[in-house]
Amino acid sequence: GDSFDYVGSMRAGSAFCRKLLITCAKRYSTENLLFVLMAEKYAKTPNPGLFNHIYNEFIKAGSPREVNISGSERVALTVLGNLGDPGSSNQVFETSAKEIKNLIKRDMIDMLTVGLKAIPFETAFIMSAPEQKAFDEAIVYLKTHQIILL
């Protein structure tokens, strides 16, 4: 499995989870991590209600946490979204989640190889007010959707 398998199983106070969320907050891309975690939750327990939530929150054009996925993938998911029922497949978001995982990995590599070189390690994860707000909102979202318990 890949490292995101571990992310989906994290629990209270995981240092890795916090660092990953901070990294996403610093890149203003918490929606990407939230989408991946929700897609993994859907893969484990597919149901139309969860599909609709993920579609309306992350996929639908203009949605509150719209993620950047390929046009063909967005069209395919929009067709399912308009039907309101994805069928029985638990892999509906698999391709989109892979795209987003790759974006997150690139962001993390960029941040760790470029951004942190000039920043002393002790201050690398100190957040500005907007970054802290994005981090806090992500934590609330994760707790609300029972992804992690912090």
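Above this text sits the structure in question.
Residues numbered from 1 in each chain as written. Predicted model: local features only at pLDDT ≥ 70, side-chain atom pairs only at ≥ 80, totals over all residues. Heavy atoms only, no water.

Novice: Just checking my understanding: could you explain the overall build of the protein for this structure?
Specialist: Counting its secondary structure elements, the protein contains 7 helices and 0 strands. Secondary structure of the protein in N-to-C order comes out as α-α-α-α-α-α-α. Here the protein, with 150 residues, has 42% of them falling under the buried criterion. A separation threshold of at least 6 residues defines the contact pool for the protein, and within that pool the share at least 24 residues apart is 69%. Carbon and sulfur atoms make up 57% of the accessible area of the protein, which amounts to about 7900 Å² in all. (Helix = DSSP H or I, 4+ residues; strand = E, 2+ residues; numbered from the N terminus. Buried < 20%, exposed > 50% of the residue type's maximum accessible area, 1.4 Å probe, protein only. Contact = heavy atoms within 4.5 Å. Areas by Shrake-Rupley, 256 points an atom, 1.4 Å probe, with all protein chains shown as cover.)

Novice: How should I be thinking about the nonpolar core in this particular structure?
Specialist: Side chains that are nonpolar tend, in soluble globular proteins, to be buried together. By size, the foremost hydrophobic cluster in this structure holds 32 residues, and its most contacted members are F35, I54, F58, I59 and F93. Elements with a minimum of two residues in this core: α2 (15-26), α3 (30-44), α4 (48-59), α6 (94-113) and α7 (129-144). For this core, the element with the highest residue contribution is α3, accounting for 8 residues. The residues contacting I54, other than those within four sequence positions of it, are F35, M38, A39, Y42, I59 and F93. (Core = buried A, V, L, I, M, F, W, Y, C linked by side-chain atoms within 4.5 Å.)

Novice: Would you explain the packing of α4 against helix α5 (residues 71-83) in this entry?
Specialist: Helix-helix packing is characterised by the crossing angle of the two axes and by the distance between the axes. Where α4 contacts α5, the two axes come as close as 10 Å, and the packing angle between them is 135°. In terms of axis orientation, α4 runs oblique to α5. The two elements α4 and α5 meet at a crossing, and its hand is left-handed. On the side of α4, the interface is formed by F51, Y55, F58 and I59, while α5 contributes R74, L77, T78, L80, G81 and N82. Taken together, the residues of the contact of α4 with α5 break down into 6 nonpolar, 3 polar and 1 charged. (Axes fitted to C-alpha atoms, helices over the stretch in contact; angles between N-to-C directions. Parallel < 35°, antiparallel > 145°, perpendicular 65-115°, else oblique. Left-handed = near helix turned anticlockwise from the far one by under 90°. Nonpolar A, V, L, I, M, F, W, Y, C, P; charged D, E, K, R; others polar.)

Novice: Sorry if this is basic, but what is going on with the packing of α3 against α7 here?
Specialist: The interhelical angle for the contact between α3 and α7, taken along N-to-C directions, is 15°, at an axis separation of 10 Å. With respect to each other, α3 and α7 are oriented roughly parallel. Crossing angle aside, the handedness with which α3 passes α7 is right-handed. Here T30, L34, L37 and M38 of α3 lie close against α7, whose contacting residues are A134, A138, Y141 and L142. Looking at side-chain class alone, the contact of α3 with α7 contains 7 nonpolar, 1 polar and no charged residues.

Novice: Help me out: how do you make sense of the side chain of S96 in this one?
Specialist: Inspection of the secondary structure puts S96 in helix α6. Residue classification places S96 among the buried residues on the basis of a relative accessible area of 0%. Sequence-distant contacts of S96, that is, excluding residues within four places in its chain, are made with F35, I69, E73 and L77.

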